[in-house]
Amino acid sequence: MADEVIDLQALQKKMSPKAIMGIVVVILIAIAGFSSFFMVDQKEEAVVLLMGKYNRKVGPGLHFKLPFGIEKNFNVPTQRVLKEEFGFRTERPGVKTTFSRGNYSAESVMLTGDLNIADVTWIIQYKINDPEAWLFNVEDQRKTIRDISQSVINMLVGNLAVFDVVTTERSRIERKGEELMNKFFTQYKLGIIVD
């Protein structure tokens, strides 16, 4: 142990303050170089914050930002179609799709207008059309999307007889649901549009 202390002291004596300063400068330059660039995928837009406040949006490609966390980027998938499933979950899509065995009836079982119970499963597909609104206007985007979608479908199914829900009114529920969801998402300034 005493030998190690002597070796460290000898090393400190050999290294001049200029050498230590040079090493620190090289490390700082390397950190600045690595934290100054970011990549945005083809199907994304990036929102750049300057000291925590919105600064700009940038499209796909390699971009420059101020280093050391002065500017931060958040990539948002604006060109991808995202989805939420209600009443079921897909584990592995494909030719032979695999579904989760979990019980999701709490979100899909609802009361119809003629006081029958219907298990209505559905999917919504949406795209993010305003990345700034998506990031900053709502705290929990996924929960908000799910809550609004469930409310809209519950309202539409609750006004119809069970026979109409499973036969003649299915396409009307789909069209009206899309219209109402988009209305609410716009009202909440969530930055998405339902396809």
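The residue numbers shown here count from 1 along each chain, following its written sequence. Confidence filtering applies because this is a predicted model: local features only for residues at pLDDT of at least 70, side-chain atom pairs given and counted only at 80 or more, and all residues used for totals across whole chains, interfaces and linings. The basis for every side-chain value is the complete set of heavy atoms in the structure, and neither hydrogens nor water enter the calculation.

(A) Examining the overall build of the protein chain more closely. Secondary structure summary: the protein chain contains seven helices and 12 strands in total. The size measure is the radius of gyration over C-alpha atoms, and the globule rule it meets is 2.2 Å times the number of residues to the 0.38 power. Rg of the C-alpha trace for the protein chain: 27 Å, well past the compact-globule value of 16 Å for 195 residues, more than 25% over. Dimensions of the protein chain, computed from C-alpha atoms along their principal axes, come out at roughly 90 × 40 × 30 Å. Counting the 195 residues in the protein chain, one finds 30% classified as buried. Long-range contacts, defined as pairs at least 24 residues apart, comprise 62% of the intrachain contacts of the protein chain with a sequence gap of at least 6. In these tables, accessible area is a Shrake-Rupley quantity obtained with a 1.4 Å probe, and a residue counts as shielded only by the protein chains included in the view. As displayed, the protein chain offers around 13,100 Å² of accessible surface, 58% of which is attributable to carbon and sulfur atoms. The average position of the 25 basic charges and that of the 24 acidic charges among the side chains of the protein chain differ by 4 Å. Secondary structure follows DSSP: runs of H or I at least 4 residues long count as helices, runs of E at least 2 residues long count as strands, and numbering of each begins at the N terminus. Buried, partly exposed and exposed residues are distinguished by accessible area as a fraction of the type maximum, computed with a 1.4 Å probe on protein chains only: under 20%, between the cut-offs, and over 50%, respectively. Contacts between residues were defined by any pair of non-hydrogen atoms, one from each residue, lying within 4.5 Å. None of His or the chain ends enter the tally, which takes Lys and Arg as positive and Asp and Glu as negative. The atoms used to mark charge sites are NZ of Lys, CZ of Arg, CG of Asp and CD of Glu.

(B) Local environment of helix H5 (residues 141-158). To estimate how far a helix should reach, multiply one less than its number of residues by 1.5 Å. With 18 residues, H5 ought to run about 26 Å at 1.5 Å a step, and its terminal C-alpha atoms sit 25 Å apart, in line with that. Turning to H5, its buried residues number three or more, namely Gln 141, Thr 144, Ile 145, Arg 146, Ile 148, Ser 149, Gln 150, Val 152, Ile 153, Leu 156 and Val 157.

(C) Expanded view of the sheet that holds strand S5 (residues 71-76). In short, DSSP must find at least two bridges between two strands for them to pair. What the three strands build is an open sheet, ordered S3-S2-S5; its pairing is antiparallel. A single partner strand is all that each edge strand has here, and the edge strands are strand S3 (53-58) and S5. Ignoring which end each strand starts from, the neighbouring axes of this sheet average 25 degrees apart. Across five bridges, the pairing between strand S2 (residues 45-50) and S3 is antiparallel. By the bridge assignment, Val 47 is partnered in S3 with Lys 57. Inter-axis angles, ranging from 0 to 180 degrees, are taken between N-to-C directions of lines fitted to C-alpha atoms, where helices are fitted over the stretch in contact.

(D) Structural detail: the sheet that holds strand S11 (residues 122-128). Strand order in the open sheet formed by three strands is S6-S11-S12, and the pairing between neighbours is antiparallel. In the strand order of this sheet, the two ends are held by strand S6 (82-86) and strand S12 (192-194), each with one partner. Geometrically, the sheet is characterised by an average inter-axis angle of 30 degrees between neighbouring strands, direction not taken into account. Two elements, S6 and S11, share five bridges in a ladder whose sense is antiparallel.

(E) Geometry of the packing of aromatic side chains. Put simply, two rings from Phe, Tyr or Trp (the six-membered ring, in Trp's case) pair if the centres are within 6.5 Å, and we call them stacked under 30 degrees between planes, edge-to-face over 60, tilted for the rest. A full pass over the atoms with the stated rule returns four aromatic pairs. With a centroid separation of 5.8 Å and an interplanar angle of 70 degrees, the aromatic rings of Phe 37 and Phe 64 are classed as edge-to-face. Taken together, the positions of Phe 37 in strand S1 (residues 37-40) and Phe 64 in strand S4 (residues 61-64) put the pair 27 residues apart, joining distant regions of the chain. You can call Phe 37 partly exposed: its relative accessible area is 47%. With a centroid separation of 5.8 Å and 80 degrees between ring planes, the pair formed by Phe 88 and Phe 99 is classed as edge-to-face. One end of the pair, Phe 88, is in the loop between S6 and strand S7 (90-92); the other, Phe 99, is in strand S8 (residues 98-99), and 11 residues separate them in sequence.

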